[in-house]
Amino acid sequence: MNQKILEALADAQSRTILFSIIKEGKTALELSEKYRIPLSSVYKKISDLEEIALVKIEKWVISENGKRFKVYKSRISKAEINIRKPEPTIVLSPNQN
């Protein structure tokens, strides 16, 4: 699991998504438009982050035309990585927002 978390935190787009939804949840479309990341990439990154329990669905919203959207929120507020032999350690601080 540590390896997957390290890979997610090393990826610039995943990091951008993860740390932009600490204080306030956002939809995939909002993330795509704000950070100019293709929508398909946002969905893939969020799926990967959900799989390793770094992101959760905060709520569902319904648009004016009746479409349902998930609002995503980060489960962590901070990540500390210590590089030591034999394995790096990761300390994740829970998101209290």
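Each residue is numbered by its place in its chain's sequence as written, counting from 1. The predicted nature of this model means local features are confined to residues of pLDDT at least 70 and side-chain atom pairs, given and counted, to a pLDDT of 80 or more, with totals for whole chains, interfaces and linings taken over all residues. Side-chain figures throughout are based on the complete set of non-hydrogen atoms in the structure, without hydrogens or water.

### Concerning the pairing of strand 4 (residues 89–94)
Applied cut-off: When DSSP finds two or more bridges between two strands, those strands count as paired. By the criteria applied, helices consist of DSSP H or I runs no shorter than four residues and strands consist of E runs no shorter than two, each listed in order from the N terminus.
Here strand 3 (residues 76–82) runs beside strand 4; their pairing, made up of six bridges, is antiparallel. Along strand 4, the bridge assignment pairs Glu80 with Val91. Between strand 3 and strand 4, which pair antiparallel and follow one another directly, the connecting turn spans six residues.

### Focus: the environment of Val55
Cut-off, in case you're wondering: Three labels apply to residues, based on accessible area from a 1.4 Å probe with only protein chains included: buried if under 20% of the type maximum, exposed if over 50%, partly exposed otherwise in between.
Tracing the backbone shows Val55 in strand 1 (residues 55–62). Given a relative accessible area of 2%, Val55 falls into the buried group. Taking the C-alpha atoms as reference points, Val55 and Lys73, separated by 18 residues in sequence, lie 5.7 Å from one another.

### So, the packing of helix 1 (residues 2–10) against helix 2 (residues 12–20)
Stated precisely, the cut-off is as follows: Only C-alpha atoms enter the line fits that serve as axes; for helices the fit covers just the stretch in contact. Angles between N-to-C directions range over 0 to 180 degrees. Roughly parallel here means an angle under 35 degrees, roughly antiparallel means over 145, roughly perpendicular means 65 to 115, and every remaining angle is called oblique. The contact definition used throughout considers only heavy atoms, calling two residues in contact when any of these lie within 4.5 Å.
With their axes 5 Å apart at the nearest point, helix 1 and helix 2 run at an angle of 90 degrees to one another. One finds that helix 1 runs roughly perpendicular with respect to helix 2. Here Ala8, Leu9 and Ala10 of helix 1 lie close against helix 2, whose contacting residues are Ala12, Ser14, Arg15, Leu18 and Phe19.

### Quick notes on the nonpolar core
Worth spelling out the cut-off: By nonpolar core we mean a set of buried residues, namely Ala, Val, Leu, Ile, Met, Phe, Trp, Tyr and Cys, connected to one another through side-chain atoms within 4.5 Å.
In terms of nonpolar packing, the biggest core is built from 19 residues, with Ile17, Leu18, Val42, Ile46, Leu49, Leu54 and Val55 touching the most fellow members. Among the secondary structure elements, those contributing two or more residues to this core are helix 1, helix 2, helix 3 (28–35) and helix 4 (39–51). Counting residues per element, this core draws most heavily on helix 1, which supplies four residues. For Leu54, the residues in contact, after removing those within four places along its chain, are Ile5, Leu18, Leu49, Lys73, Ser74, Arg75, Ile76 and Leu92.

### A word on a nonpolar patch on the surface
Put simply, the rule reads: Patch membership requires over 30% relative accessible area and the absence of a salt bridge. Like charges are linked within 9 Å, and nonpolar side chains (Val, Leu, Ile, Met, Phe, Trp, Tyr) within 5 Å. Areas reported here follow the Shrake-Rupley algorithm with a probe of radius 1.4 Å; residue values treat only the protein chains shown as occluding. For this analysis, a salt bridge means a side-chain nitrogen from Lys or Arg found within 4 Å of a carboxyl oxygen belonging to Asp or Glu.
A contiguous nonpolar patch, built from Leu29, Leu39 and Tyr43 and spanning about 240 Å² of accessible area, is present on the exposed surface. Tracing the chain through its elements places Tyr43 in helix 4. Judged by relative accessible area, Tyr43 falls into the partly exposed class, the value being 40%.

### Brief notes about helix 3
Worth spelling out the cut-off: The directions from the helix axis to the C-beta atoms are what the arc is built from.
Of the residues making up helix 3, those classed as buried are Ala28, Leu31 and Ser32. The arc that holds every buried residue of helix 3, seen down its axis, measures 100 degrees, which confines them to one face. In helix 3, the exposed residues that point more than 90 degrees away from the buried face are Glu33 and Lys34. Of the residues trailing helix 3, Arg36 is marked for its positive phi of about 55 degrees.

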